[in-house]
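# Structural overview
Single-letter residue listing:
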Amino acid sequence: MGAESVPTSAGEARRQVQGALDGYGRRTGRVVSTEVGYDVALAVSELVTNALRHGAGLRGFHAAVTGDLLHVEVADHNTAEPHTAVGGDALSGAGAGGLGWPIVQSVAEHLSITPNTAGKTISATFRLRFD
């Protein structure tokens, strides 16, 4: 099951991912562990928030479960890759940030960034564990 409408907020994106996970659970009788659910929710929030805040808006979104993997794609309008804050940069001034990308990197099984003429697409894969 996939979710393909473009969300307008991180909360809406999390609901789409939860819908994909719930659909998988109904089909298979398997429930994704709470810990994985929290990790995925945090990572999706970061990816979508970054697209809205730094990527000139969300251009596309897709979430689907295949086997024991959740695949998420977030497309925005900016070709620049995510960056990581150094030192106190994350907390200073209007451009504060740079903490989300390391969080996403720590919970995703696989990440890729594909630049294109319209911006970029970040693909994240999460290994699912079940209760």
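Above: the structure in question.
First, a word on what this report is: a plain description of the structure on this page. (Residues numbered from 1 in each chain as written. Predicted model: local features only at pLDDT ≥ 70, side-chain atom pairs only at ≥ 80, totals over all residues. Heavy atoms only, no water.)

What follows is about the pattern of salt bridges. Summed over the entire model, instances satisfying the criterion amount to four salt bridges. Linking Arg-30 and Asp-68 is a salt bridge whose minimum nitrogen-to-oxygen distance equals 2.9 Å. Of the two residues, Arg-30 is situated in the loop between helix 1 (10–28) and helix 2 (34–54) and Asp-68 in the loop between strand 2 (58–66) and strand 3 (69–76); the sequence distance between them amounts to 38 residues. On the accessibility criterion, Arg-30 (33% relative accessible area) is partly exposed. A relative accessible area of 31% means that Asp-68 is categorised as partly exposed. (Salt bridge = Lys/Arg side-chain N within 4 Å of Asp/Glu carboxyl O. Helix = DSSP H or I, 4+ residues; strand = E, 2+ residues; numbered from the N terminus. Buried < 20%, exposed > 50% of the residue type's maximum accessible area, 1.4 Å probe, protein only.)

Glancing now at the environment of Asn-78. Here Asn-78 lies in the loop between strand 3 and helix 3 (100–107). With relative accessibility at 25%, the residue Asn-78 sits in the partly exposed group. Separated by 40 residues in sequence, Asn-78 and Ala-118 place their C-alpha atoms 7.4 Å apart. A distance of 2.9 Å separates a polar side-chain atom of Asn-78 from the backbone oxygen of His-54. (Polar contact = N/O pair within 3.5 Å; in protein donor to acceptor, adjacent residues only side chain to side chain.)

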